[in-house]
Amino acid sequence: MKATDELKKEHQGIGLMLRVLEAVSHKFARGEQIRDDHLDGMMEFLSIFVDKCHHGKEEEFLFPALEAAGVPRGGGPIEVMLSEHEQGRKLVARLKDAVTNSQSGDHKIAASAHLIVNEYVALMTQHIAKENTVLFPMADAKLDLNKDTELLGAFERLERERIGAGKHDEFHALLDQLQDTFLK
C-alpha cells in the first residue's frame, strides 16, 4: 500500500462522517435534539481523527516530502491544502461551541450549527476531491518507493503516539454506529 492509499482510505471514513454531519445538520435545522454522546463522538472524530491524525500525516510528513522532491510550499497545492486545513480547524472550533450551546434548546444556536456544518461539509468535500485528484497523484509521481515506505512508517508512528493504540478502530466503530443511527 502506498502512503497516499492510506490517506485515501482515511478520506472514505471522513466522507462517511461528512454524510452523518449532513444528516445531523438537517436535524439541527428542524430543532431536533441530538444525543450528547453522538455529538461528543463527532467532535472527537473531527478534532482527533481528521485533524491530529489525518491532517497531521499530511502536514508533518507528506507535505515536507513533496517539498524535498521539488514541489514548492507556496503558490501551489501544498499552500492551498494548508489553508484549507486551517479553515477546517476554525469551522470545527465554531461548531464545537455551537454544538455545546445547541443542546440548551436555543433554536438560533441550532440554526447556527446547521450553517457551520454545511460550510464544513462543503469545504471538506472539495478539499478531499483536490487531494485525491491533484495532490496524491503528484505525490505518487514524485516520491520513490523508499520515501513512500518511510512515510508509511511515519504515519504508523504518528497514530500510535498521537491518538493511541486501538483508537483508529474505535473511530471506525463510531462511524458504524453513527451511520446506523443517522443514515439508515
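What comes next is a walk through the structure. Numbers given for residues are sequential positions, taken from 1 along each chain in its written order. With the structure being a predicted model, the display of local features is reserved for residues of pLDDT at least 70 and the display and counting of side-chain atom pairs for 80 or more, all residues being used for whole-chain, interface and lining totals. As a rule here, side-chain values cover all heavy atoms of the structure and leave hydrogens and water aside.

**Considerations on the overall build of the protein**
Here is step 1 of the chain: When helices and strands are counted, the protein shows six helices and zero strands.
Here is step 2 of the chain: Secondary structure elements are taken from DSSP: a helix is a run of H or I of four residues or more, a strand is a run of E of two residues or more, and numbering for both begins at the N terminus. Ordered by position from N to C terminus, the α and β elements of the protein give α-α-α-α-α-α.
Here is step 3 of the chain: Based on C-alpha atoms, the radius of gyration is set beside the globule rule, defined as 2.2 Å times the residue count to the power 0.38. What you see for the protein is a C-alpha radius of gyration of 17 Å, in line with the 16 Å of a compact globule of 184 residues.
Here is step 4 of the chain: We call two residues contacting when some pair of their heavy atoms lies within 4.5 Å. Looking at the protein alone, contacts between residues at least 24 apart form 84% of all its contacts between residues at least 6 apart.
Here is step 5 of the chain: Note that accessible areas follow from Shrake-Rupley with a 1.4 Å probe, and for residues the cover is restricted to the protein chains shown. Accessible surface, the protein: about 9000 Å² in total, of which carbon and sulfur atoms supply 51%.
Here is step 6 of the chain: Taking the average place of the 23 positive charges on the side chains of the protein and the average place of its 32 negative ones, the gap between the two points comes to 2 Å. Charged-residue counts in this description rest on Lys and Arg as positive and Asp and Glu as negative, His and the chain ends being excluded. Where a charge lies is defined by one atom per residue type: Lys uses NZ, Arg uses CZ, Asp uses CG and Glu uses CD.

**Section: helix 5 (residues 145–163)**
Here is step 1 of the chain: Relative to the 27 Å expected for 19 residues at 1.5 Å per residue, helix 5 spans 26 Å between its end C-alpha atoms, a close match to the ideal helical length.
Here is step 2 of the chain: For helix 5, the set of buried residues is Asp148, Leu151, Ala154, Phe155, Leu158, Glu159 and Ile163. Around the axis of helix 5, the buried residues are gathered within 140 degrees of arc, so they sit on the same side. Opposite the buried face of helix 5, at more than 90 degrees from it, the exposed residues are Leu145, Asn146, Glu156 and Glu161.
Here is step 3 of the chain: Summarising the contacts, the buried residues of helix 5 are in contact with helix 1 (3–29), helix 2 (36–68) and helix 6 (167–182).
Here is step 4 of the chain: Gly164 sits one or two residues past helix 5 and shows a positive phi near 95 degrees. To estimate how far a helix should reach, multiply one less than its number of residues by 1.5 Å. Relative accessible area decides the class of each residue, using a 1.4 Å probe on protein chains only: under 20% of the type maximum gives buried, over 50% gives exposed, and in between gives partly exposed. By construction, the arc corresponds to the directions joining the helix axis to the C-beta atoms.

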